[in-house]
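# Observations on chain architecture
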Amino acid sequence: MKKKKGMNSNAILYVIIAVGVAIVCATVFLSQPVSSCYGPHITANISATEINIHESVTITGTVCLGLEENEGLNLTVRVTFVKPDYNWIDQVVQVDNKTGKFSATQQLDMAGYWNIFPIYGHINDRLGVTVIDPLADPSSPQPIVESPFKPNMLVVTAAVTTVSISAVVAVAGLRKKTRKISFLRLFIQVALVYIIFFGIFVDHEILPRPASKIPVHELIVEPEILGVTLADGLPVPFLGCYYPCGRTVTCALWEIQTSIYPFWNDTSGWGVTYTSTGPIRLAVIIGVIILLSVLLGKFFCGWVCPFGLYMDLLSYLRKAIKIPHRDFSENFNKKFHQLGYVILALIIVVSVIFASEAIANTQLISGTEKGGFVYQYFSAPFCQVCPMKPFCVLLESSVGLIRPEWITQVTTGDFYELGYYVTSLNLLVLAIVTIVSFFYRRAWCRICPLGALIALFSRFPPFKWVTVFRLNKMEEKCTKCGICKRVCPTQITEVYDKKGGDVSTSNCIMCLRCVEMCPYEDALQLKAAGKTVLRSRNWLESS
């Protein structure tokens with residue numbers, strides 16, 4: 001009997017353990033000891049977030065460089081007060097060389113929202129205050145700041161080129177009976193990337209808009225649900241990364257993490273003012289994710305997620321250079337899929353531990369206070385290892401949307417230490433995921449905690465009883481040819497193993513490759529609310 005092709009699960013386990021040990025050793029032996037001032041960073045506060053016109057606000061903060069050679073130097077911080085009409089007032093203030101503290105007071109003479117930036121080099125904190133004119137007519141509309149539209153032409157060119165190529169591929173794919181769905185999916189994936197990050201087309205400082213907060217190349221969808229405004233954007237169950245420019249929505253994991261820590265009790269942070277505390281926002285975020293998961297389920301994984309597109313492109317590249325893909329053994333693959341739930345649980349547990357002081361008034365981990373080491377660099381723990389963050393940031397840097405110096409400067413001093421935008425740990429994970437996904441189709445999807453989150457709310461009771469989309473199998477038309485099992489990019493076997501009925505599974509990414517490749521009429525069907533919307537066709541017969 002021919003031995004099943006696959007990689008020994010013990011060998012994979014040993015490789016993962018070895019990589020983990022190497023990371024720990026690198027952290028212990030290469031990282032510099034963290035001093036009391038581990039910068040560079042700036043932490044600032046504002047005396048009030050709402051005042052009357054012609055009143056003053058005071059900005060107090062601390063600049064921490066983390067470099068002993070800078071001690072005793074004549075350090076200054078520039079505090080920029082940006083008016084609602086986008087003109088600004090600069091104050092250059094002295095920094096106490098011993099404590100690193102500074103302060104600036106400014107009278108605000110224009111009604112509307114003021115953005116305030118304490119800046120040292122390329123690092124800054126972001127604050128804001130609403131200025132009210134009590135004598136103004138409340139019914140009068142806010143003034144619109146008119147300015148020319150200046151799109152980033154390099155990004156526009158890249159968008160037009162990639163969408164056009166994917167459209168041509170999709171149209172050409174209509175002639176291929178076993179690729180129609182795949183090429184259509186590719187076109188939708190490419191187009192959605194530019195919708196998810198639509199703000200990349202716009203120069204954020206010259207947007208014609210009412211006087212309000214200045215976004216960083218963002219056109220965020222900020223829904224208000226049950227009186228709770230989701231100021232960080234609509235939470236979505238795919239890797240719509242928080243860190244790169246241009247996002248219109250935000251990764252649900254980022255919002256879940258930060259609602260627990262560091263903004264459990266705080267109603268403001270990182271340039272955003274919240275209308276509610278973390279527990280309330282967390283409840284609304286989970287509610288949104290449940291609704292989206294029930295409505296679309298893992299279609300988000302197969303058809304929407306930008307990182308899923310990246311892995312699909314790796315597969316296209318591998319096929320183009322005629323390298324066959326590899327498969328994990330079935331036993332290992334099933335265990336590997338469960339790792340997503342473990343990662344999801346760890347994210348929640350670590351966030352709760354970091355937030356222990358806010359939740360239970362007991363600090364379990366030192367440095368979790370505002371301005372502390374954990375607060376500054378581990379506020380969203382999963383984001384420090386997520387492969388999507390460096391992928392997006394480096395890609396946007398290559399087309400001029402993010403300055404290269406921003407990527408590495410906000411660190412603890414060296415590139416290999418933890419930083420805000422890109423860290424060596426991020427890059428290591430991205431490199432490993434890229435290599436593994438090149439040979440093993442959709443490798444990251446098998447352990448993605450967002451995929452696990454969707455599965456929790458779509459494929460397990462009681463949510464599975466109301467899930468909109470289901471994959472149905474007609475037992476009498478299935479011949480057990482095994483094609484569905486061979487073409488599945490995540491190597492799920494339930495579609496093949498189950499006799500009939502609903503064969504949807506928590507590990508399925510709904511790419512519909514099995515429906516596309518099944519050679520038996522109506523053997524596999526995609527149902528939406530009980531209605532068949534797509535079914536397998538007998539592509540073996542000539543049309």
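Parameters at a glance
Residues numbered from 1 in each chain as written. Predicted model: local features only at pLDDT ≥ 70, side-chain atom pairs only at ≥ 80, totals over all residues. Heavy atoms only, no water. Helix = DSSP H or I, 4+ residues; strand = E, 2+ residues; numbered from the N terminus. Buried < 20%, exposed > 50% of the residue type's maximum accessible area, 1.4 Å probe, protein only. Areas by Shrake-Rupley, 256 points an atom, 1.4 Å probe, with all protein chains shown as cover. Axes fitted to C-alpha atoms, helices over the stretch in contact; angles between N-to-C directions. Parallel < 35°, antiparallel > 145°, perpendicular 65-115°, else oblique. Left-handed = near helix turned anticlockwise from the far one by under 90°. Contact = heavy atoms within 4.5 Å. Nonpolar A, V, L, I, M, F, W, Y, C, P; charged D, E, K, R; others polar. Phe/Tyr/Trp six-rings, centres within 6.5 Å; stacked < 30°, edge-to-face > 60°. Lys NZ or Arg CZ within 6 Å of the ring centre and 35° of its normal. Core = buried A, V, L, I, M, F, W, Y, C linked by side-chain atoms within 4.5 Å. Expected span 1.5 Å × (residues − 1). Disulfide = S-S within 2.5 Å. Pairing = 2+ DSSP bridges. pLDDT = per-residue confidence, 0-100. Patch = residues over 30% accessible without salt bridge, like charges linked within 9 Å, V, L, I, M, F, W, Y side chains within 5 Å. Salt bridge = Lys/Arg side-chain N within 4 Å of Asp/Glu carboxyl O.

## Some details on the overall build of the protein chain
Helix and strand counts for the protein chain stand at 17 helices and 21 strands. Taken over 543 residues, the protein chain has a buried fraction of 50%. Carbon and sulfur atoms make up 64% of the accessible area of the protein chain, which totals about 25800 Å².

## Structural notes on the packing of helix α4 (residues 252-260) against helix α8 (residues 330-354)
Running from amino to carboxyl end, α4 crosses α8 at an angle of 25 degrees, the nearest separation of the two axes being 8 Å. Relative to α8, the element α4 lies roughly parallel. Handedness of the crossing formed by α4 with α8: right-handed. Residues Leu253, Ile256, Gln257 and Ile260 of α4 lie in contact with α8, whose contacting residues are Leu344, Ile347, Ile348, Ser351 and Val352.

## Quick word on the packing of α8 against helix α14 (residues 449-456)
For the pair α8 and α14, interaxial distance at closest approach is 8 Å and the crossing angle is 95 degrees. The orientation of α8 with respect to α14, classified from their angle, is roughly perpendicular. Residue-level contacts link Gly340, Tyr341, Ile343, Leu344 and Ile347 of α8 to Pro449, Ala452, Leu453, Ala455 and Leu456 of α14. A class-by-class count of the residues in the contact of α8 with α14 yields nine nonpolar, one polar and no charged.

## Some thoughts on the packing of aromatic side chains
Between two aromatic rings, the relevant description is the distance of the centres plus the angle of the planes. All chains considered together, the criterion is met by 20 aromatic pairs. In this structure an aromatic cluster arises from ring pairing among Phe307, Tyr310, Phe391 and Trp444. Sitting over the ring of tyrosine 496, lysine 480 keeps its end group 4.6 Å from the ring centre. We note lysine 485 situated over the ring of tyrosine 496; from NZ or CZ to the ring centre the distance is 4.2 Å.

## Some details on the nonpolar core
With 108 residues, the main nonpolar core has Leu239, Phe307, Trp444 and Leu512 as its most contacted residues. Sort the elements by how many residues they give to this core and α8 lands first, with seven residues. Grouped together as the second largest cluster of nonpolar side chains are 22 residues, Val63, Val79, Val93 and Leu127 included.

## What about helix α5 (residues 278-296)?
Taking 1.5 Å per residue as the helical rise, α5 with its 19 residues ought to reach 27 Å, and the 26 Å between its terminal C-alpha atoms agrees with that figure. Those residues of α5 that sit buried are Gly278, Arg281, Leu282, Val284, Ile285, Val288, Ile289, Leu292, Ser293 and Val294. Of the surrounding secondary structure, the elements contacted by the buried residues of α5 are β12 (224-225), β13 (228-229), β14 (234-236), α4, α6 (299-304) and α14. Taken from the residues just after α5, glycine 297 is the one with a positive phi, measuring 55 degrees.

## Remarks on the state of the cysteines
According to the stated counting rule, one finds zero disulfides in the structure shown. With no disulfide of its own, cysteine 478 has cysteine 484 as its nearest cysteine by sulfur position, at a separation of 6.4 Å.

## Thoughts on the sheet that holds strand β19 (residues 501-502)
Here four strands make up an open sheet; going across it, the order is β19-β18-β20-β21 and the pairing antiparallel. In this open sheet, the two edge strands, each paired with only one partner strand, are β19 and β21 (531-535). Here strand β18 (residues 469-473) runs beside β19; their pairing, made up of two bridges, is antiparallel. Bridge assignment links asparagine 472 to a residue of β19, and that residue is aspartate 502.

## Details of the confidence of the model for the protein chain
Averaged over every residue, the pLDDT of the protein chain is 82; the share at 70 or more is 82%. Low confidence marks residues 1-7, where pLDDT is under 50. Its contacts with residues over four positions away, or in another chain, come to twelve contacts. In the model, residues 27-39 has pLDDT below 50 throughout and makes 28 contacts with residues more than four positions away in sequence or in other chains.

## Remarks on the environment of tyrosine 440
Within the secondary structure, tyrosine 440 is located in the loop between α13 (424-439) and α14. Exposure remark for tyrosine 440: the relative accessible area of 7% places this residue in the buried category. Through-space distance from the C-alpha of tyrosine 440 to that of phenylalanine 328 is 7.8 Å; in sequence the pair is 112 residues apart.

## Overview of unusual backbone geometry
Omega for the bond connecting tyrosine 261 with proline 262 falls within 30 degrees of zero, at 10 degrees, which places this linkage in the cis form. If you trace the backbone, proline 262 turns up in the loop between α4 and β16 (268-269). With an omega dihedral of 0 degrees, the bond running from proline 461 to proline 462 counts as a cis peptide bond. Positive phi, close to 55 degrees, is recorded for leucine 226, a residue that is not glycine.

## Here we look at a nonpolar patch on the surface
A cluster of nonpolar residues, Val349, Ile353, Leu364 and Ile365, forms a patch on the protein surface that exposes about 320 Å² of accessible area. Relative to the helices and strands, valine 349 is located in helix α8.

## A word on the environment of alanine 452
Its place among the elements puts alanine 452 in helix α14. Its relative accessible area of 4% is what places alanine 452 among the buried residues. Once residues lying within four places of it in the same chain are set aside, the contact partners of alanine 452 are Gly340, Tyr341 and Leu344.

## Description of the pattern of salt bridges
Counting across every chain of the model gives twelve salt bridges. Across the salt bridge formed by aspartate 502 and arginine 470, the nearest N and O atoms sit 3.1 Å from each other. Of this pair, aspartate 502 sits in strand β19 while arginine 470 sits in strand β18; the two residues are 32 residues apart in sequence, bridging distant segments of the chain. Judged by relative accessible area, which is 27%, aspartate 502 ranks as partly exposed. Take arginine 470: its relative accessible area is 23%, and that puts it in the partly exposed class. Linked by salt bridges that have partners in common, Arg185, Asp312 and Arg442 make up one network.

## Comments concerning helix α3 (residues 180-196)
For α3, built from 17 residues, the straight-helix expectation of 24 Å at 1.5 Å per residue is met to within 8% by its first-to-last C-alpha distance of 24 Å. Of the residues making up α3, those classed as buried are Ile181, Ser182, Phe183, Arg185, Leu186, Gln189, Val190, Val193, Tyr194 and Ile196. Tucked into the core, α3 has its buried residues touching α2 (153-173), β15 (249-251), α6, α7 (306-320), α17 (513-517) and β21.

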